[in-house]
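For reference, the chains in residue letters:
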Amino acid sequence: MESGFGSDFGGAGAGGKLDPGVIMEQVKVQIAVANAQELLQRMTDKCFRKCIGKPGGSLDNSEQKCIAMCMDRYMDAWNTVSRAYNSRLQRERANM
């Protein structure tokens, strides 16, 4: 079965047996892609609502600057939270 990522999702190797490791990696990639798409969608929605007062055919200079700064701040905040979350996960795994 072909997934949307150009590889066999089944992970069948020699002999047609499924490789759970390959399947798990493909699932992880799909989850990462979905998370990135969700991040981009949320960032776009929030920054659009914050910066665009009256949608039109093009963005004026102040709207462009607002969008750029909003997206930078959003990504900085997301990276900070992501690092803190990953650090906490590592500490908790080490204590198990």
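The structure we're discussing is the one just above.
As the structure is a prediction and not an experimental result, all values here were calculated from the model. Residue positions within a chain follow its written sequence, with the count starting from 1. Reporting in this predicted model follows two pLDDT cut-offs: at least 70 for local features of residues, and 80 or more for side-chain atom pairs to be given and counted; totals over whole chains, interfaces and linings ignore these cut-offs and use all residues. Excluding hydrogens and water, the side-chain values take into account all heavy atoms of the structure.

1. Quick word on the environment of Cys70
- By the criteria applied, helices consist of DSSP H or I runs no shorter than four residues and strands consist of E runs no shorter than two, each listed in order from the N terminus. Tracing the sequence through the fold places Cys70 in helix 2 (residues 61-94).
- Residues Cys70 and Lys46, spaced 24 residues apart in sequence, show a C-alpha to C-alpha distance of 8.5 Å.
- What makes two residues a contact is simply this: any of their non-hydrogen atoms within 4.5 Å. Those residues in contact with Cys70, other than ones at most four positions away along the chain, are Cys47, Lys50 and Cys51.

2. Focus on the nonpolar core
- Ranked by size, the top nonpolar core spans nine residues in total: Leu39, Met43, Cys47, Cys51, Ile52, Cys66, Ile67, Cys70 and Tyr74.
- Looking at this core, the elements that each hand over two or more residues are helix 1 (20-51) and helix 2.
- Excluding anything up to four places from it in sequence, Cys47 contacts Ile52, Ile67, Cys70 and Met71. By convention a nonpolar core is built from buried Ala, Val, Leu, Ile, Met, Phe, Trp, Tyr and Cys residues, the set being connected through side-chain atoms within 4.5 Å. Accessible area is worked out with a 1.4 Å probe on protein chains only. A residue is then buried under 20% of its type maximum, exposed over 50%, and partly exposed in between.

3. Observations concerning the environment of Leu39
- In this fold, Leu39 is placed in helix 1.
- Leaving out residues up to four positions away in the same chain, Leu39 has contacts with Tyr74, Met75 and Trp78.

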